[in-house]
Amino acid sequence: MYRISFIIIAMAVTQLAICQIAEKEIPIIPKPASIKLFNGKCAIGSNTSIYYTKGDLQFSAEFVADIIKSFGGESPEVIYSSKPPSKNGIIQLVLDKTISEKEGYRLTSGKNIVISGQTPQGVFYGVQSLLQLLYGYKTNTGFSIPCMNITDSPRFPWRGMHLDVSRHFFDKEFIKKYIDILALHKMNTFHWHLVDDQGWRIEIKKYPKLTDVGAWRVNHEDLPWNNRPAQKPGEKATYGGFYTQEDIKEIVSYASQRYINVVPEIEMPAHVTCAIAAYPQLSCKQIPVTVPSGGFWPITDIYCAGNDSTFLFLQDVLTEVMALFPSKYIHVGGDEADKTNWKTCPKCQARIKGEGLKDVGELQNYFISRIDKFLTSKGRTLIGWDEILEGGLAENATVMSWRGIDGGIQAARMKHDVVMTPSSHCYFDYYQSTDKEIEPAAFGGLIDFKKVYSYEPVPQELNVDEAKHVLGAQGNMWSEFLLSNSQVEYMAIPRITALSEVVWTPASLKSEASFLARLQNMYTVLQAQNINFHVPTPQGLLKTMLFIDTALVELSNPLTFGQIYYTTDGSVPTTKSAKYTTPFKVTSNTTLKALLVLDNGKASGVKSGELIQQKPRAALTDINNLEPGIRYDLFEGGLTTLANLKLLPLKNTGKVNEIKIPANINFDLKALAFNGFIQLSETGVYTFKLISDDGSQLFIDDQLVIDHDGPHGPEPKEGQIALMKGLHRIKVLFFQAGGGETLQLLMKTKGIEEQPVNASILFRTKD
Ligand code: ACM
Ligand code: ZN
C-alpha cells in the first residue's frame, strides 16, 4: 500500500511539473522570490475550514478566517490538528523545519492551500500573501486561486517604517492600524519616534513631568507649522497627549503578534525641548523653556553633556524604556544637535578638558558612547541617525543613514551595521506629486512611489563584505504636516507599498511595470480595509496651456489601470463625465478638469488647466550687429526677492554662451541679470523651464514668462509664450541667498525636444 501511494504521488508531481505554465502577474506585493504556476485552479469555498498544526499558528489561522469572513460569508471553522486531513478546498497552516529562512514561507495551491514556514513568522507572511490572493481571485461562491507553488523569503532583515508622534500625536488605536498596514506589507520593524522638541509621548514613572509638562503645547493647529508663536505667560498648553506604560505594553504586544519589532526612539542630546521644559536642569543654561507648538529652528537648548545628572536621568529613562520594549535596538536619535551652548557651558567645557576631547564634535561622541556602553551592558544595541558618526562612532552603534547614503557607506566600511533611510528616497513626509494645488501641505521635496521603487538600499560603493552590514531600509514619516490619521495613510501609501518590494524582493525581480500590474489588487485590499491612499492625477494637464489655432489635449494615466474622466465647462468631473480615451482638439479658450478613477471607485484629486488661445508675438526687426552668446551683469549682495535687485551695486559684466552661473565666480550672496536675444526657427508655443537655487525670472520681449522668485532649492518651474519665428528679446534674473546655487534655462516646442538655451540660439550685440 505504501509503495502504491508513493507511486501515485510521484506521478502527480510529474504531472504538475509538466503542466507548469508561464508566470503571469500573480497579484502579490511584495513580489515573491519564486512563483511556479500550474494549470488548474484551487477552489476554496467561503465555508472552508482552516487547520493549524501548532498553538502559535492560531493567530495566523484566525487572521485568515477573519479575512474570509470579511467577504460577507460565514466565519470559517478554525481547527487545531497536528495532522490535518488531506481534504480538498481547505487551508492548512503548518511548520516545516526544512524551510531554511527564518522569515521564509511556502504557499502551495493545489487541491487545497498549504502555507508552511520554518517559524510562525514565516507562516504569517504566507498568510499575508494569501490575503492578497483571496482579493485577487474572489468568485461568487468563494475563491478560485491558480494552482502554484510560491517559495518566498525577504531580501533584508530590517524592513522598517517610522512614525513621528511628537510633532503630532496619534492615538493608540491609530498606532495599531499603522502596525496593521506594516504587517500587510510584510514589514517587520516599527520605528516609533516618541520624543522630539514638540512633545514627549511616553510615560516615565520616575519623571512624571516629562508627560505632565512635556506632552502638551499651546494649541496653534490653525496656524502653519513654521509660523507658530511661543507660549505666552498664562496661556494653557492643551494640544498633545502621550502613551501610558499600559498603552505601550498593549501596542508592543499587538505588534509582536504581527511579527513587528517596535524600536523606540528617545532623542538625545538635541530635539528635546519638551524634556527641558519639564526639567530645565537638563540643559546647559538651566533656564525654563516652554514646549514649542511649531517649527522654530535652530533650537540651541539641548542636554548638557558636562553634567553627570543628565546621564543618570537618561539611564533612568532608558531603564523604563527597556522594560517596555523587548527590541534589541534602542534608537537614541543623535541628529541635528546645535552645539552652541556646549561651546560656552563651563560644565561641557570641563568635560572636554577632563576627557581630553578635541571639540564639541568629540563631546557628541562622548555623549553617545556613554549611552552606548550603558545600553550594551543591558544587552541592547544603540542605533542613531548618521550624525552619531561625528567625532567618532560609538563602539557598538548601528547607524541610520538619512542625510543621503554617505553615513551608511562610512559606517559599513567601519564594520558597523546600517539601516538606509536617505531623505532622497525614504522621506514620506515629502510631496508625492507636483500637484501643489491638490496635495495637502507637505515638508517640501518630491518623492513619488516610482522614485521609492527605484531605490537600491545597498550602495554600489560597498564591496561584498561591507554590503553585509546593510540591514535594510526604512521609510520615515515625520509629522509636522500630518494633521490626521487619514493623512498619514495618504502619505504612506503607496510609497510603503513600493518600499516593501525594495526591502523584500530579490533585486533581480524588481520591475516597475510588474509592480504597477500588481498594484491594482493591493489598492482593492486597502480600500476594503478602509485604509486611505494616494491616487495620482492624470498627466498632461498644466495650469495654463497656450495654443495659437488648435490645442491637442493629450492626457495620460500614470498607472496601468483606472479611467480618466474630464469636463470642458469648468465643472468638477465625476464618473458620469466624458471618458478620456484618445487625444482631442480644442479651438477656443477652455477650462479643462480631469481626474483618475480606480475600478474600486477611489478617485484622484481634480487637476485643472486653462487652455488659452494666444496670438504669437511678432519677431523683432532691424536688430543688427549680433554675435552668439549672451551678456550678464553681476551684482553683489544678499536678496530674498528679485524686486530688490535694483538696490544691489553692479560688480562687473561679462559674456557667456549659456544661461548658467558663469564659471569661476564664487557665487555666494550674488545676483545676475542676463540680457540678449533668442532666435526661433518656428512660430509656435514655447515652453521654458527655469531650474534655479534660489530665485529666478524669465522675460521674453519684456513679458514675464516664469516667475520663480524667492529663496528655494533647485526646483524647476515652467512657463509658456506664443512667439513668431525670428528674433526676440530675452532677459533672465537670478539671485542666490546662501547655501547651494544652480541656474539653468531649458526650452521646448512642438517638434523640438527640451534643450538648454545656449549659444546655438542666443545672441548679444557686439561691442
Ligand atoms: C532627521 O530627519 N532629522 C533624522
Ligand atoms: Zn553643558
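Residues numbered from 1 in each chain as written. Chains lettered and ligands numbered in written order. Predicted model: local features only at pLDDT ≥ 70, side-chain atom pairs only at ≥ 80, totals over all residues. Heavy atoms only, no water.

K.L.:
Looking at this structure, how should I read the sheet that holds strand 15 (residues 261-268)?
P.N.:
Pairing between sheet strands relies on hydrogen bonds along the backbone, with the strands arranged either parallel or antiparallel. Overall, parallel pairing links the eight strands, which are arranged 9-10-15-16-17-18-19-20 in a closed barrel. Here the strands of the sheet are splayed against their neighbours by 30 degrees on average, with no regard to which way each runs. Sheet topology note: the strand 9 (residues 158-164)/strand 20 (residues 470-475) ladder contains four bridges and is parallel. Paired with Arg159 across the two strands is Ala473, which belongs to strand 20. Across the face of the sheet, helix 16 (residues 495-504) comes into contact with strand 9 and strand 20 while running at roughly 150 degrees to strand 9. (Pairing = 2+ DSSP bridges. Helix = DSSP H or I, 4+ residues; strand = E, 2+ residues; numbered from the N terminus. Axes fitted to C-alpha atoms, helices over the stretch in contact; angles between N-to-C directions. Contact = heavy atoms within 4.5 Å.)

K.L.:
Help me understand the coordination of the zinc ion (ligand 2), please; the structure alone is not making it clear to me.
P.N.:
Any two of four tetrahedral donors ideally make an angle of 109.5 degrees at the metal, while pairs among six octahedral donors ideally make 90 or 180 degrees. Ligation of the zinc ion (ligand 2) by protein atoms is provided by Cys284 (SG), Cys304 (SG), Cys345 (SG) and Cys348 (SG), these donors lying 2.3 to 2.4 Å from the ion. Note that the zinc ion (ligand 2) binds four donor atoms; their angles at the metal cover 106 to 115 degrees, and the shape is tetrahedral. We note that the donor set of the zinc ion (ligand 2) lies within a single chain, spaced as C-x19-C-x40-C-x2-C. Linking Cys284 in the loop between helix 7 (273-278) and helix 8 (308-324) with Cys304 in the loop between helix 7 and helix 8, this pair joins segments that are 20 residues apart in sequence. (Donors = N, O, S within 2.8 Å, 3.2 Å for Na, K, Ca; no water. Tetrahedral: all angles 85-135°; square planar, octahedral: opposite > 155°, others 65-115°.)

K.L.:
Help me out: how do you make sense of unusual backbone geometry in this one?
P.N.:
Peptide bonds are mostly trans, and most non-glycine residues show a negative phi. Cis peptide bonds are those with omega within 30 degrees of zero, and the linkage from Ile29 to Pro30 qualifies with -5 degrees. Checked against the element boundaries, Pro30 lands in the loop between strand 1 (20-21) and strand 2 (34-45). The step from Asp693 to Asp694 runs through a cis peptide bond, and the omega angle for that step is 15 degrees. Secondary-structure assignment places Asp694 in the loop between strand 32 (684-693) and strand 33 (696-700). The phi torsion at His271 lies on the positive side, around 60 degrees, for a residue other than glycine. Mapped onto the secondary structure, His271 falls in the loop between strand 15 and helix 7.

K.L.:
Got a minute to help me understand the pattern of salt bridges in this structure?
P.N.:
Between side chains of opposite charge, a pair can form when the charged atoms approach closely. Under the criterion given, the structure shown has 38 salt bridges. Measuring nitrogen to oxygen at the nearest pair gives 4.0 Å for the salt bridge that ties Glu387 to Arg403. Of this pair, Glu387 sits in the loop between strand 17 (381-385) and strand 18 (398-401) while Arg403 sits in the loop between strand 18 and helix 12 (406-413), placing them 16 residues apart in sequence. Using a relative accessible area of 42% as the deciding quantity, one classes Arg403 as partly exposed. Notably, a salt bridge pairs Glu466 with Arg413, separated by 3.8 Å at the nearest N-O pair. Of this pair, Glu466 sits in helix 14 (residues 464-467) while Arg413 sits in helix 12, placing them 53 residues apart in sequence. Connected through salt bridges with shared partners, the residues Lys172, Glu173, Lys176, Asp247 and Glu250 form a single ionic network. (Salt bridge = Lys/Arg side-chain N within 4 Å of Asp/Glu carboxyl O. Buried < 20%, exposed > 50% of the residue type's maximum accessible area, 1.4 Å probe, protein only.)

K.L.:
Explanation requested: the pairing of strand 10 (residues 189-193) in the structure shown.
P.N.:
Two faces, one strand: in a regular strand the side chains alternate between the faces of the sheet. Among the five residues in strand 10, five count as buried, and that is most of the element. Burial along strand 10 is two-sided: the residues Thr189, His191 and His193 and Phe190 and Trp192 are all buried. Pairing of strand 10 with strand 15 involves five bridges; the strand directions are parallel. Note that in strand 15 the partner of His193 across the bridge is Glu265.

K.L.:
Would you mind showing me how to read the side chain of Glu627 here?
P.N.:
Position of Glu627 relative to the elements: it lies in strand 28 (residues 626-628). A polar contact of 2.8 Å, which involves the side chain of Glu627, links it to the side chain of Arg764. Each residue touching Glu627, except ones within four places of it in the same chain, is listed here: Lys655, Leu762, Phe763, Arg764 and Lys766. (Polar contact = N/O pair within 3.5 Å; in protein donor to acceptor, adjacent residues only side chain to side chain.)

Without other data, these values stay purely geometric and don't point to any function.
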